[in-house]
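Residue-level listing of the chains:
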Amino acid sequence: MEEEFQTTRARFDETTGIGHLTLNRPEALNALSEQLRTDIVDGLRWLESHNEDADGIALRAVVVEGAEGNFCAGADITEFGDDSPGASSERYHYDFVMDFPVPIVAKIRGYCLGGGLETAMACDFRFADADARLGLPEVDLGLIPGAGGVQFISRLANPSVAKEIAMTGEHIGAERARELGIVNRVPDDLDATTAEFAETIASKPPLAIQALKDAANTAVQTGLREGCRYDRRLFEPLIETEDFQEGARAFTEDDYEPEFVGR
Ligand code: COA
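Residues numbered from 1 in each chain as written. Predicted model: local features only at pLDDT ≥ 70, side-chain atom pairs only at ≥ 80, totals over all residues. Heavy atoms only, no water.

Draft legend 1. Focus on the pairing of strand S7 (residues 125–128). Here S7 shows two buried faces, one formed by Phe125 and Phe127 and the other by Arg126 and Ala128. Alignment of strand S5 (residues 104–108) against S7, held across four bridges, turns out to be parallel. Bridge pairing in S7 places Ala106 opposite Arg126. (Buried < 20%, exposed > 50% of the residue type's maximum accessible area, 1.4 Å probe, protein only. Helix = DSSP H or I, 4+ residues; strand = E, 2+ residues; numbered from the N terminus. Pairing = 2+ DSSP bridges.)

Draft legend 2. Layout of the site of the ligand. Around the ligand lies a shell of 14 residues, among which Ala28, Ala73, Ala75, Asp76 and Ile77 are the nearest. A distance of 2.9 Å separates a nitrogen atom of the ligand from a polar backbone atom of Ala75. Ile77 places a polar main-chain atom, nitrogen or oxygen, 2.9 Å from a nitrogen atom of the ligand. For the ligand, the accessible surface in isolation is 860 Å², of which the surrounding protein chains cover 54%. Each residue belonging to the shell around the ligand can be placed in one class, and the counts come to 11 nonpolar, no polar and three charged. (Near = heavy atom within 4 Å. Polar contact = N/O pair within 3.5 Å; in protein donor to acceptor, adjacent residues only side chain to side chain. Areas by Shrake-Rupley, 256 points an atom, 1.4 Å probe, with all protein chains shown as cover. Nonpolar A, V, L, I, M, F, W, Y, C, P; charged D, E, K, R; others polar.)

Draft legend 3. Up close: the layout of surface pockets. Approximately 960 Å³ is the volume attributed to the largest pocket. Lining the largest pocket are 35 residues, with Met98, Asp124, Ala216, Asn217 and Val220 positioned closest to its centre. Looking at the lining of the largest pocket, its residues break down into 20 nonpolar, seven polar and eight charged. Looking at which domains feed residues into the lining of the largest pocket, each of domain 1 (2–202) and domain 2 (206–252) supplies at least three. (1 Å grid on protein atoms, 1.4 Å probe; cavity = no way out; pocket = protein on both sides within 12 Å on 5 of 7 lines; lining within 4 Å. Points joined across faces, edges and corners; volume = space filled by probe spheres on them. Domains from an automatic or database assignment.)

Draft legend 4. Region of the structure containing the sheet that holds strand S9 (residues 172–173). Taken in spatial order, the three strands make up an open sheet running S6-S8-S9, and their pairing is mixed. At either margin of the open sheet sits one strand with a lone partner, and together these are strand S6 (111–113) and S9. Alignment of strand S8 (residues 133–135) against S9, held across two bridges, turns out to be antiparallel. The residue bridging Leu134 from the neighbouring strand is Ile172, located in S9. Sheet contacts for helix H3 (residues 115–122): S6 and S8; angle to S6, the most-contacted strand, approximately 85°. (Contact = heavy atoms within 4.5 Å. Axes fitted to C-alpha atoms, helices over the stretch in contact; angles between N-to-C directions.)

Structure representation (structure tokens):
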């Protein structure tokens, strides 16, 4: 099942529950125009709407990538200074990605710069091609990353690495980004490994996966004690789910292919 938006394409695989979202402005290296930011949210909303399909499988994981060999070259510089309400909607797509109830993998090829890297870091995982180039070049425009680039890298790596990347504006390679913790994996076969990973996540109990995303996102915003209490609150209702019954049954019966339903 597919849906085209002006600058994104969304595809939902009903057999696996995996959604695909493609940023589709290749003529501008998928730079984040106002329209593209809106279409990212609309594409994700369309994918999420499959949760409501009573008969079919619900959305379980999303892979986001850029069309034609680049992830995204950042905010659309030609729209800077427009009177459009860009700033608020820009924040909106990053927050929307972070708060999205289903895990999102950013599959990164080519350039992944500025707001493109911030979008990827708002996702839950980053898998990158060995030739990908990542960076925060805003400093060369007299700006700083406006959607949390320095905050993200300070947490994924450390504040000194964030300063190094943001103050130099230099592009770094995927392998270096992986060493720093900004990228999760740099596989030999990016498509196959990303697909396999998304399938693994999609095969797990959805409510537990959603709680894990919530727990990890909370971990970077709270103290340890408070975070542990938060995890406890996420844990308790899971005991009551059908999926816990199924997981326990599969374990005791040596069934290695439990079927989780998200209840
Ligand atoms: N906003 C708007 N358009 C952009 C863009 C951006 N962030 N990045 C690239 N484009 C456009 C270019 O203007 C060009 O359009 P044109 O063919 O109509 O001239 C097209 O995409 C291809 O880019 P080009 O610069 O010709 O490709 P390149 O391979 O020589 O360089 C980059 C690639 C990524 C190094 C270079 O495009 C770049 O530095 N982009 C800006 C990155 C940036 O500063 N992002 C943060 C913005 S806050």
